[in-house]
Amino acid sequence: MMRAMPISLENPMLAAVVDDLATHGWSQQALFLPADLVRALAAECRRRDAEGELNPAGIGRGDAQAVRESIRGDQIQWIDPGQDEACDRYLAAMDQLRLAINQGLFLGLEDFECHFALYPPGAFYRRHLDRFRDDDRRMVSAVLYLNEDWQPEHGGQLRMFLANDVNHDVEPVAGCLAVFLSGEVPHEVLPARRERLSLTGWFRRRGTELF
Ligand code: OGA
Ligand code: MN
């Protein structure tokens, strides 16, 4: 049988993300992963927090890295393959998304880096872009939210600043995935009134210093 499309774009949700990115530079998918997997990821994030494995997030890279609670107040831990079954299933899903984006947008995304993030009540992340001055490899940002029973009054929305002074807010509800172009969509995390969990990651292209 002939395939009409490459395999990744046959998944309607992945195709929708690619289409949204191409037309608007961002996408939001309410039920990106099955509820049982999202629950297992939330439990793994809480387990790591209880074991003291999460650390205050910094800003910038290398020597420029500094922890500044006035800019961002989340606690993070980077994820590696082979640590946990749920995390590996998440990484496999994100790799499918990476392939779909490459097939549809020709971005040449080579890898994906990601971390758990926990915002304690009151924490926020001021308006920023996900690109560093000294490192432009991050092309596409993807945030998966892990919060069951999240209500608008809990705050913690991801606010994206789009063209023509339009803002779009994403509620950090369990299973929802927000995706946007890292260097083009300024965004912030509004103060959360309850603990807010997520998995935040970046699809990267090859660094220019390698050419
Ligand atoms: C980030 C970020 C958004 C969110 O970690 O760079 O912008 O909704 N996160 O958690
Ligand atoms: Mn960001």
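Heads up: the structure comes first, above all this text.
Predicted model, so just to flag it, every value in this text is computed and none were measured.

Student: I'm lost on helix α1 (residues 12–24) in this one. Help?
Tutor: The α-helix advances 3.6 residues per turn, and as a result positions three or four apart in sequence lie on the same side. Relative to the 18 Å expected for 13 residues at 1.5 Å per residue, α1 spans 18 Å between its end C-alpha atoms, a close match to the ideal helical length. For α1, the full list of buried residues reads L14, V17, V18 and L21. Taken down its axis, α1 places every buried residue within 95° of arc, on the same side. The exposed residues of α1 that point more than 90 degrees off its buried face are P12, T23 and H24. A side-chain oxygen of the first residue of α1 lies 2.9 Å from the backbone nitrogen of M13; this N-cap is N11.

Student: Honestly, the sheet that holds strand β3 (residues 75–78) in this entry has me stumped. Any pointers?
Tutor: Adjacent strands of a sheet pair through backbone hydrogen bonds, lying either parallel or antiparallel. Read from one edge to the other, the open sheet built from 7 strands follows the order β1-β9-β6-β11-β4-β3-β2, with strand pairing classed as antiparallel. Each edge of the open sheet carries a strand with a single partner, namely β1 (26–29) and β2 (55–56). Summarising the sheet, β1 and strand β9 (residues 177–181) pair through 4 bridges and their orientation is antiparallel. Following the sheet pairing, W26 is matched in β9 by F180.

Student: So what exactly am I meant to see when it comes to the coordination of the manganese ion (ligand 2) here?
Tutor: Each donor-metal-donor angle in an ideal tetrahedron of four donors is 109.5 degrees, and each such angle in an ideal octahedron of six donors is either 90 or 180 degrees. The protein atoms donating to the manganese ion (ligand 2) are H128 (NE2), D130 (OD) and H187 (NE2), with metal-donor distances spanning 2.1 Å. Counting gaps between the donor residues of the manganese ion (ligand 2) yields the pattern H-x1-D-x56-H. Of the two residues, D130 sits in the loop between β5 (125–128) and β6 (138–145) while H187 sits in strand β10 (residues 187–189), which places them 57 residues apart along the sequence. Judged by its relative accessible area of 7%, D130 falls in the buried class. H187 sits in the buried class, given a relative accessible area of 4%.

The rules behind each value
- Residues numbered from 1 in each chain as written.
- Chains lettered and ligands numbered in written order.
- Predicted model: local features only at pLDDT ≥ 70, side-chain atom pairs only at ≥ 80, totals over all residues.
- Heavy atoms only, no water.
- Helix = DSSP H or I, 4+ residues; strand = E, 2+ residues; numbered from the N terminus.
- Expected span 1.5 Å × (residues − 1).
- Buried < 20%, exposed > 50% of the residue type's maximum accessible area, 1.4 Å probe, protein only.
- Arc of directions from axis to C-beta.
- Polar contact = N/O pair within 3.5 Å; in protein donor to acceptor, adjacent residues only side chain to side chain.
- Pairing = 2+ DSSP bridges.
- Donors = N, O, S within 2.8 Å, 3.2 Å for Na, K, Ca; no water.

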